[in-house]
Amino acid sequence: MGLQQFEQRLERLVEGTFARAFRSGLQPVEIGRRLTREMDLLRRVGVHGLIAPNFFTVELSEVDAERFESFADALTRELADAAREHARIEGYAFVGPVEVELHRSGQLRPGRFRVVAAVREGPEGLPAGSLVLPDGRRIVVGEQPVLVGRLPECTIVVSDPNVSRRHAEIRRRGADVVVVDLGSTNGTRVNGVPVREQVLADGDEITMGTTTVRFETS
């Protein structure tokens with residue numbers, strides 16, 4: 001399922017401007033398949049279940065790196081999303097944020113590539129946890145709380161009159177991540193239910209005003 005969704009997103013990505021780069025040669029979905037295979041091969045038993053690699057280096061030939069250069073950022077985001085989706089399907093956990101880097105290699109022929117996968121702890125050694133914003137951006141929940149509100153100094157600034165200036169915080173509490181409403185006027189909801197404070201689980205949706213962000217541990 002994860003790779004099918006990855007392929008569908010890539011089809012939309014390469015429409016128009018990028019279509020010419022995919023008429024022949026190395027296809028990005030081949031990289032996605034190899035990446036998830038490395039996760040399966042290198043998974044290991046951890047304290048909280050199966051731990052999968054979360055840091056991936058993709059080595060490309062000079063020719064293929066040139067072809068992918070104009071949309072490399074979008075491609076790495078899609079590859080990271082494919083890894084997260086595969087982890088959810090297989091029940092894998094990560095010990096840090098999922099990251100994908102593309103590198104050039106003068107030793108590889110066009111069409112050939114190499115994926116090196118590793119388990120890398122997150123900042124301060126904290127378990128993986130991030131907030132997915134409506135535009136697809138991710139904010140990693142680290143040692144410092146993530147403040148959501150209308151004020152410019154907030155970590156996530158929301159231009160919504162239904163959101164208070166300092167609306168809510170998402171913070172670490174040991175191995176858990178909790179959302180805390182900061183006495184906002186219109187309240188904070190998790191999966192549609194009003195909360196003052198709530199431990200978050202993977203996939204929980206936090207709604208403040210008309211804005212919803214999703215919490216992910218993968």
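What you see as residue numbers is a count from 1 along each chain, following the sequence as written. In view of the model being predicted, local features appear only for residues whose pLDDT reaches at least 70, and side-chain atom pairs are presented and counted only at 80 or more, with totals across whole chains, interfaces and linings using the full set of residues. Only heavy atoms go into the side-chain values, all of them from the structure, while hydrogens and water stay out.

(A) The arrangement of the overall build of the protein in detail. Here a strand is any run of E in DSSP of at least two residues, a helix any run of H or I of at least four, and the numbering for each starts at the N terminus. Assigned secondary structure in the protein consists of 4 helices and 16 strands. We call two residues in contact when some of their heavy atoms are within 4.5 Å. If you take every contact in the protein between residues at least 6 apart in sequence, the share linking residues at least 24 apart comes to 57%. Carbon and sulfur atoms make up 46% of the accessible area of the protein, which amounts to about 11,600 Å² in all. Surface accessibility follows the Shrake-Rupley procedure with a 1.4 Å probe radius. Residue values consider only the protein chains on display as shielding.

(B) Structural view of the side chain of Asp204. Its place among the elements puts Asp204 in the loop between β14 (197–199) and β15 (205–208). Separated by 2.9 Å, the side chains of Asp204 and Asn191 make a polar contact. Dropping the residues within four chain positions of it, Asp204 is found in contact with Val190, Asn191, Val199, Val213, Arg214 and Phe215. Here a polar contact is recorded for every N or O atom pair within 3.5 Å, except that within protein the pair must consist of a potential hydrogen donor and a potential acceptor, and residues adjacent in sequence are included only if both atoms are side-chain atoms.

(C) The arrangement of the nonpolar core in detail. One finds Ile31, Met39, Phe56 and Leu60 to be the most contacted residues of the largest nonpolar core, which totals 24 residues. At 5 residues, helix α4 (residues 72–90) tops the list of elements feeding residues into this core. Not counting residues up to four positions away in its chain, the partners in contact with Leu60 are Leu26, Ile31, Ala65, Phe68, Leu102, His103, Arg104, Ser105, Leu108 and Phe113. Ranked by size, the runner-up nonpolar core spans 20 residues in total, among them Ile139, Ile170, Val179 and Ile206. In plain words, nonpolar cores are sets of buried Ala, Val, Leu, Ile, Met, Phe, Trp, Tyr and Cys residues tied together by side-chain atoms within 4.5 Å. Whether a residue is buried, partly exposed or exposed follows from its accessible area with a 1.4 Å probe, protein chains only, as a fraction of its type maximum: under 20%, in between, or over 50%, in that order.

(D) Summary view of unusual backbone geometry. Its identity is not glycine, yet Asn191 carries a phi of approximately 55°, on the positive side. Within the secondary structure, Asn191 sits in the loop between β12 (188–190) and β13 (193–195).

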